[in-house]
Amino acid sequence: MPRYFNRATGWIVDKPWLSGGLVVLLTLIATIGHFSPGSVTGLFQDQLVETDVQTIGSDDEDVEMPPDVEAFSLTGFDAIVVVESDGIFTKDGANCLRAVVESIESLEYVDSVVWMDRVPILNIFGLPEPVFPGARASDQRFAAARQKALDHPFIGGQMLSSDGRTTLLLVRFDFIFITDDAQCIDGLKAAALEAAAQYDTPMEFSISGRVPVYLTAMETHEANQLYYQLVGYGMILIMSIILFRGLVAVGVVALAPILGVFWTVGFIQFFDIRDNPFVDVILPVLVSMVGLTDGVHLMVQIRRLRAGGMLPRDASRTGIYQVGLACGLTSLTTAIGFGSLSMAGHEMIQDFGFCCVIGVILAFIAVVTSIPLACASPLGRWVHRGHEKSLIDKNLTKISKVIDFVLKRQRLMAVIAIIATVTLIGLCLTLRPDERQSNALPEGSEAAVALRKMDEALGGLESSVVEIKWDKSIASDSPEVLEIIGQVDEALHSEELIGHPISVRNLLYALPGDGDVSERMSMIELLPPPVKRSFYQPELRSATVTFRVRDLGIAAYSETFERLDAEFKRIAEENPAFSIEMYGSAVWRWENLYQIVMDLATSVGTASVIIFFVLGIVYRSIRIGLISIVPNMFPLAVSGTYLVIVGQSLEIVTVCAFTVCLGIAVDDTIHFLTRYKELKEEGKEEHTAIREAFTGVGTALIMTTIVLVAGFSTVISSDSHDHRTFAILGVITISSALFADLIFLPALLARFGSKKSSSSA
């Protein structure tokens, strides 16, 4: 294989005009992708787009047209102002709260505010029922008003906490007048504080809701992404200069990851891949890390050859011959591993896998073209400068004593490697998928603080829905409908983590009277249409029950949703005319994010198996394939065990970290194994081949580890949970990968590398 590879890659240096033309062509295509992808994709799209128009319900005589009534809802608001005070139900507190609402509504970009004093009328006479009594009311009247508010189905548990000291102001924006994102958070809070300052009752305000959470997450993501990329890459540059002791060498090495990322991001613009956080955030990191590690291996070899007296072009050509095959194998195994994501159940993960394959291939092309071309050019005269001052090369003989120590105890170390890896993998299997909305927010941000307050006081910000539908055999005003709603209500109330379910049943039982179910159902027409349609749509033969969900993560709610799902299926089975289904953002995460995490985790395992088979075929040795499993899986097992120890769950960000770091761990292992096999084919004795393999690739192994750990370490200080977790796992995985390559891999090779060594040990 090396002979065929050398023949296939010799043109890169011998015909620089051809390889340079390839670099220019790929750069040109990527540039078009960055700035004008439509100019290319438009050539392959039909100019005429046919639109199918469907008429819904035009031939269904049984479908009634819904009334022209806007249903009242406690969900779907753009922002939520969380108000905390011990004096809400006092004269001054009521006046203060009214002034706060008036101040917020006076903002040009605020369309409306819904709060306790504006809930729909529930009395059968349609008379106004303000929650707060007049300004001259006694303290007893305010105490009675507090209890009345808690008993109101739209207020108690929905807009007012059970202790009466936390209430919500639900805000809708007029987005036409929003000129700055800060208006949606800081502007609301400033208006509330300014109004409250005129009164003696102390009140605290925090802002959350759909828009503030989204804006905070995006702002944090963009700020952290730019800041920590600059800091991380800056640290990588500094560490590279320190370790290489040569600016020219560092600049040439940087070409590969820079071109790889630029090409990848440009190329994927030609495909219909949108709003994929894995592609936007994880892919550039993966491509840059793979490009950097392979680039360091190639540059170390070229510098060594130049320091030995070779001419720049000869050193570049020989460097590709000696290291290029290993780089090709790492790209092949990584691409095949990520290609396994195409079997995932979600399109987002499939797209991520497809883009990873493109990125890894382009990173390999960037490494084997840009670095040899630069080293064969006049720059090659200086790439070896500082080689004699390299800290790692100067101390490599001292580090090699570790290899001698391991080889003398090869049997013990091999047993420890296998047992430790299997044990840690067993611990990792106890991890369960999880995801929390607040993970994307800084812990001290306005939106995150308000989320925690709503979790404690009102059972959470998010709301989910149980939809009950019935067929034509059931009349929409049948008491049986209310009975099924009651069973769903009771199932939800029985779950501790489910917050404050509300349905048409609550509204009917809030009306005067003590009648049974049939009598209550007959009163449904007494409800105001906007109120009734919130939870009951007779023309659609549908009713809904809404409930709140705290931001505890899908792992905490998994058993709860499973029990509810089973209970709703039981109710539906006992009542065949009815169907019951849960939906909502929390339910979606339970059903989908769990599967997304499992898809990613499965892909990591699949990639490991594929790597075993590929290496076994390439090296024509099942032994080598089996040996490669331990140093590749051990780093992931160590990181997974860390998550178990600190009590974290298996989140999307953790599996993405595993995905990125697996590619790097495999890279180092393959470089070591490739050099080892070459030495064995030259007739070297087992221990000698292992020692010289380390001497040949040890500098690059240690250098890439130090550089990447330094880069990841800068992100540990981030206030974002996801960034911090990604960085910590990166440091742990890459560090333990070096440990496995220096300690476990030599021991396993010495013990099981060949039949002869295995039988003689």
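This one's a predicted model, so the numbers in the text were calculated from it and none came from an experiment. (Residues numbered from 1 in each chain as written. Predicted model: local features only at pLDDT ≥ 70, side-chain atom pairs only at ≥ 80, totals over all residues. Heavy atoms only, no water.)

Quick look at helix α6 (residues 139-151)
Here's step 1: Taking 1.5 Å of rise per residue, the 13 residues of α6 would be expected to cover 18 Å, and the 19 Å separating its terminal C-alpha atoms lies within 8% of that figure.
Here's step 2: Within α6, the full set of buried residues consists of Phe 142, Ala 145 and Ala 149. Buried residues of α6 fall within an arc of 55 degrees about the axis and therefore sit on the same side. Along α6, exposed side chains directed more than 90 degrees from the buried face belong to Gln 140, Lys 148 and Asp 151. (Helix = DSSP H or I, 4+ residues; strand = E, 2+ residues; numbered from the N terminus. Expected span 1.5 Å × (residues − 1). Buried < 20%, exposed > 50% of the residue type's maximum accessible area, 1.4 Å probe, protein only. Arc of directions from axis to C-beta.)

What to know about the packing of aromatic side chains
Here's step 1: The full count for this structure, using the stated rule, is 11 aromatic pairs.
Here's step 2: Each ring, one from Phe 173 and one from Phe 175, has its centre 5.9 Å from the other, and the planes form 80 degrees; the classification is edge-to-face.
Here's step 3: When the centroid spacing of 5.3 Å and the interplanar angle of 80 degrees are considered together, the rings of Phe 739 and Phe 744 count as edge-to-face.
Here's step 4: Judged by its relative accessible area of 40%, Phe 739 is partly exposed.
Here's step 5: Phe 744 gets classed as buried once you look at its relative accessible area, which sits at 4%.
Here's step 6: The cationic tip of Arg 172 hangs over the ring face of Phe 77; the distance from NZ or CZ to the ring centre is 4.1 Å.
Here's step 7: Geometry around Tyr 509 places Arg 505 over its ring, the cationic atom sitting 5.5 Å from the centre. (Phe/Tyr/Trp six-rings, centres within 6.5 Å; stacked < 30°, edge-to-face > 60°. Lys NZ or Arg CZ within 6 Å of the ring centre and 35° of its normal.)

Observations regarding helix α23 (residues 622-646)
Here's step 1: Over its 25 residues, α23 extends 37 Å from the first C-alpha to the last, a length consistent with the 36 Å expected when each residue adds 1.5 Å.
Here's step 2: At Met 633, α23 shows its maximal bend, which comes to roughly 30 degrees, and the proline Pro 635 appears one to four places after that position.
Here's step 3: Gly 647, located one to two residues past α23, shows a positive phi value of around 80 degrees. (Bend = angle between axes of the 7 residues up to and from the residue.)

Some remarks on the pattern of salt bridges
Here's step 1: Under the definition given, this model contains 21 salt bridges.
Here's step 2: Between Arg 165 and Asp 86 there is a salt bridge, with its nearest N and O atoms 2.8 Å apart. Here Asp 86 lies in the loop between β1 (79-84) and α5 (91-105) and Arg 165 lies in the loop between α6 and β3 (166-173), a separation of 79 residues in the sequence.
Here's step 3: One salt bridge connects Glu 467 with Lys 469, and the closest N-O pair in it is separated by 3.9 Å.
Here's step 4: What you see here is one network of salt bridges that share partners, running through Glu 84, Asp 86, Arg 165, Glu 204 and Lys 453. (Salt bridge = Lys/Arg side-chain N within 4 Å of Asp/Glu carboxyl O.)

Topic: the packing of helix α15 (residues 410-428) against α23
Here's step 1: At a closest axis distance of 8 Å, the pairing of α15 and α23 adopts a crossing angle of 45 degrees. Put simply, α15 runs oblique to α23. Here α15 runs over α23; the crossing is left-handed. Where α15 abuts α23, its residues Ala 417, Ile 418, Ala 420, Thr 421, Leu 424, Ile 425, Leu 427 and Cys 428 lie against Val 630, Met 633, Phe 634, Leu 636, Ala 637, Val 638, Gly 640, Thr 641 and Val 644.
Here's step 2: Split into classes, the residues belonging to the contact of α15 with α23 amount to 14 nonpolar, three polar and no charged. (Axes fitted to C-alpha atoms, helices over the stretch in contact; angles between N-to-C directions. Parallel < 35°, antiparallel > 145°, perpendicular 65-115°, else oblique. Left-handed = near helix turned anticlockwise from the far one by under 90°. Contact = heavy atoms within 4.5 Å. Nonpolar A, V, L, I, M, F, W, Y, C, P; charged D, E, K, R; others polar.)

What to know about the side chain of Thr 167
Here's step 1: You can see Thr 167 is positioned in strand β3.
Here's step 2: Taking relative accessible area as the criterion, Thr 167 reaches 1% and is therefore assigned buried.
Here's step 3: A polar atom in the side chain of Thr 167 sits 2.8 Å from the backbone oxygen of Met 159. (Polar contact = N/O pair within 3.5 Å; in protein donor to acceptor, adjacent residues only side chain to side chain.)

Concerning the pairing of β1
Here's step 1: Burial of β1 is extensive: six of the six residues sit out of reach of the surface.
Here's step 2: In β1, alternate side chains face the same way, and those of Ala 79, Val 81 and Val 83 on one face and Ile 80, Val 82 and Glu 84 on the other are all buried.
Here's step 3: Pairing geometry for β1 and β3, over six bridges, is antiparallel. Counted as the bridge partner of Ile 80 is Leu 170 from β3.
Here's step 4: Where β1 and strand β4 (residues 204-208) come together, five bridges link them in antiparallel fashion. (Pairing = 2+ DSSP bridges.)

Quick look at unusual backbone geometry
Here's step 1: With phi around 50 degrees, His 500 is a residue other than glycine that occupies positive phi space.
Here's step 2: Within the fold, His 500 resides in strand β6 (residues 498-502).
Here's step 3: The class for His 500 is partly exposed, based on a relative accessible area of 32%.

Things to note about the environment of Val 707
Here's step 1: Looking at where Val 707 falls in the secondary structure, it is placed in helix α25 (residues 686-713).
Here's step 2: Put simply, Val 707 and Leu 292 are 415 residues apart on the chain and 9.5 Å apart in space, counted from C-alpha to C-alpha.

Here we look at the state of the cysteines
Here's step 1: Tallied over the full model, the rule gives zero disulfides.
Here's step 2: Free cysteine Cys 355: the closest other cysteine sulfur is in Cys 356, separated by 7.3 Å. (Disulfide = S-S within 2.5 Å.)

Observations concerning the confidence of the model for the protein
Here's step 1: Put simply, the protein has an average pLDDT of 81, and 84% of its residues get 70 or more.
Here's step 2: Segment residues 46-61: pLDDT under 50, and one contact once partners within four positions in sequence are set aside and those in other chains are kept. (pLDDT = per-residue confidence, 0-100.)

A short note on the pairing of β3
Taken residue by residue, a regular strand's side chains alternate between the two faces of the sheet.
Here's step 1: Burial of β3 is extensive: seven of the eight residues sit out of reach of the surface.
Here's step 2: Note that strand β2 (residues 110-114) and β3 share four bridges and pair antiparallel. Paired with Val 114 across the strands is Leu 170, a residue of β3.

Topic: a nonpolar patch on the surface
Here's step 1: On the surface, a nonpolar cluster with roughly 280 Å² of combined accessible area is contributed by Leu 237, Ile 241 and Leu 247.
Here's step 2: On the secondary structure map, Leu 237 appears in helix α8 (residues 210-244). (Patch = residues over 30% accessible without salt bridge, like charges linked within 9 Å, V, L, I, M, F, W, Y side chains within 5 Å. Areas by Shrake-Rupley, 256 points an atom, 1.4 Å probe, with all protein chains shown as cover.)

Concerning the sheet that holds β3
Strand pairing in a sheet is mediated by backbone hydrogen bonds. Such pairs are either parallel or antiparallel.
Here's step 1: Judged by pairing direction, the sheet is antiparallel, and its four strands sit side by side in the order β2-β3-β1-β4 without closing on themselves. Among the strands making up the open sheet, the edge pair consists of β2 and β4. Between one strand axis and the next, the sheet turns through 25 degrees on average, direction left out of account.
Here's step 2: The strands touched by helix α7 (residues 186-196) within the sheet are β1, β2, β3 and β4, with β4 carrying the most contacts at an inclination of about 165 degrees.
Here's step 3: Those strands touched by helix α16 (residues 446-458) are β1, β3 and β4, and its axis lies near 105 degrees from that of β4.

A few points about the side chain of Asp 78
Here's step 1: Its location among the elements puts Asp 78 in the loop between α4 (38-41) and β1.
Here's step 2: Beyond its immediate chain neighbours, meaning those up to four positions away, Asp 78 contacts Val 171, Arg 172, Phe 173, Phe 175, Gly 209, Arg 210, Val 211 and Pro 212.

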